Amino acid sequence: MKVKFFNVILICIFQVSITAIGIFAYHKLIYEKPHILSTGLNSFTSKAARPSLDEQTDYIHPTASIIGQVHIGHRVFIAPQASIRGDEGTPIYIGDGSNVQDGVVIHGLETEEHNTPIPSHLMEERKTHKKYAVYVGKNVSLAHQSQVHGPAIIEDNTFLGMQALVFNAYVDENCVIEPGAKIIGVSIPSHRYIKAGSIIDTQAAADGLPHIDDTYKLKAINEAVIHLNTELAKTYHKLYGY
């Protein structure tokens, strides 16, 4: 009887230990290790690349996915389910202090084929004169479920609202793109705002956009969002690392 009782105790201890090990391993795999992946080689990728980031200040949620030739600057917050894929259009650049919120997609048209560049799928950033598939400047907010599809550039201190789209477009600094707006094939001047749900697909419409002034109710939205997300990056980094 004592032997049987002892065996039962051992079995219970074994089961609890296995469960604890499993929970710990699952936690480490799923909740602490973000999906940061290298690219493979194919007809439109001649060189394997792995994302670069600042492990000391960035926070990338483990359900986010970052693939290929992607540069992540300092103090960047990348939220759950965000997808940044530098596996077709490359390079992709995310500047210091920016945030990529829940469900955001950043991607680009392929920038080479059989080791031959496709210039029309790249865009030159005006300050650095370097070409990118996607460039997101400093202190830019990409709000929930927005999309940036290259070739595309979004300059510093710009807010891209929920479910908005930027494709084949250049958005200059200090702009506010309200939720659901679509910007396609144009260049947006600095200090302009785009009303919610608008479609801006001609340069005449882009040039005629209203200026941001003190009467515009969302003038300070990006400053507030940057403050919150920078704090989130700092807080979560302390708890979980990058």
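Keep in mind the model is a prediction, meaning the values are calculated, not measured. In every chain, residue numbers begin from 1 and rise along the written sequence. In view of the model being predicted, local features appear only for residues whose pLDDT reaches at least 70, and side-chain atom pairs are presented and counted only at 80 or more, with totals across whole chains, interfaces and linings using the full set of residues. With hydrogens and water excluded, all non-hydrogen atoms of the structure serve as input to the side-chain values.

Caption draft 1: Structural detail: the pattern of salt bridges. A pairing counts as a salt bridge when a side-chain nitrogen of Lys or Arg comes within 4 Å of a carboxyl oxygen of Asp or Glu. In total, this model carries six salt bridges according to the counting rule given. Lys 127 is the partner of Glu 155 in a salt bridge, and the nearest nitrogen-oxygen pair spans 2.7 Å. With a gap of 28 residues between them, Glu 155 in the loop between strand S16 (147-154) and strand S17 (159-160) and Lys 127 in the loop between strand S12 (123-124) and strand S13 (131-132) connect regions that are remote in the sequence. Note on classification: 1.4 Å probe, protein chains only; a residue is buried when its accessible area is under 20% of the maximum for its type, exposed when over 50%, partly exposed between these limits. Residue classification places Glu 155 among the buried residues on the basis of a relative accessible area of 2%. When salt bridges with common partners are traced through the structure, they connect Arg 85, Asp 87 and Glu 88 into a single cluster. A run of H or I in DSSP counts as a helix once it spans at least four residues, and a run of E counts as a strand once it spans at least two, with each numbered from the N terminus.

Caption draft 2: Highlighting the confidence of the model for the chain. Note: pLDDT gives the predictor's confidence per residue, expressed from 0 to 100. For the chain, the mean per-residue pLDDT works out to 89, and 86% of the residues sit at or above 70. Residues count as neighbours in contact if any of their non-hydrogen atoms are within 4.5 Å of one another. Across residues 20-27, confidence stays below pLDDT 50; counting only partners more than four residues off in sequence or on other chains, it has two contacts.

Caption draft 3: Layout of the sheet that holds strand S5 (residues 77-78). Whether two strands pair comes down to DSSP finding at least two bridges between them. With respect to topology, seven strands assemble into an open sheet ordered S2-S5-S8-S15-S17-S19-S22, the strand pairing being parallel. Across the chains shown, the open sheet's two edge strands, defined by having one partner strand only, are strand S2 (59-60) and strand S22 (193-194). Relative to S5, S2 is paired through two bridges, and the arrangement is parallel. By the bridge assignment, Ile 60 is partnered in S5 with Ile 78.

Caption draft 4: Molecular detail of the nonpolar core. We call a set of buried residues a nonpolar core when its members are Ala, Val, Leu, Ile, Met, Phe, Trp, Tyr or Cys and they connect through side-chain atoms within 4.5 Å of each other. Ile 78, Ile 106, Leu 142 and Ile 188 are the most contacted members of the largest nonpolar core, which totals 37 residues. When residues of this core are traced back to their parent elements, those giving at least two are strand S4 (70-72), strand S7 (92-94), strand S14 (134-136), S16 and strand S18 (165-171). Counting seven residues, the second largest nonpolar core, distinct from the first, contains Ala 143, Val 176, Tyr 193 and Ile 212.

Caption draft 5: Summary view of helix H3 (residues 221-240). For H3, with 20 residues, the first-to-last C-alpha span of 28 Å sits near the 28 Å given by 1.5 Å per residue. If you check which residues of H3 are buried, you get Asn 222, Val 225, Ile 226, Asn 229, Ala 233 and His 237. Down the axis of H3, the buried side of the element spans an arc of 100°, and every buried residue falls inside it. Among the exposed residues of H3, those oriented more than 90 degrees off its buried face are Glu 223, His 227, Leu 228, Lys 238 and Leu 239. Buried positions along H3 lie against S2, S5, strand S8 (99-100), strand S15 (141-142) and S17. Just beyond H3, the residue with positive phi is Gly 241, at close to 80°. A helix's residues, less one, multiplied by 1.5 Å, set its expected span. An arc is given here, and it is the one of the directions from the helix axis to the C-beta atoms.

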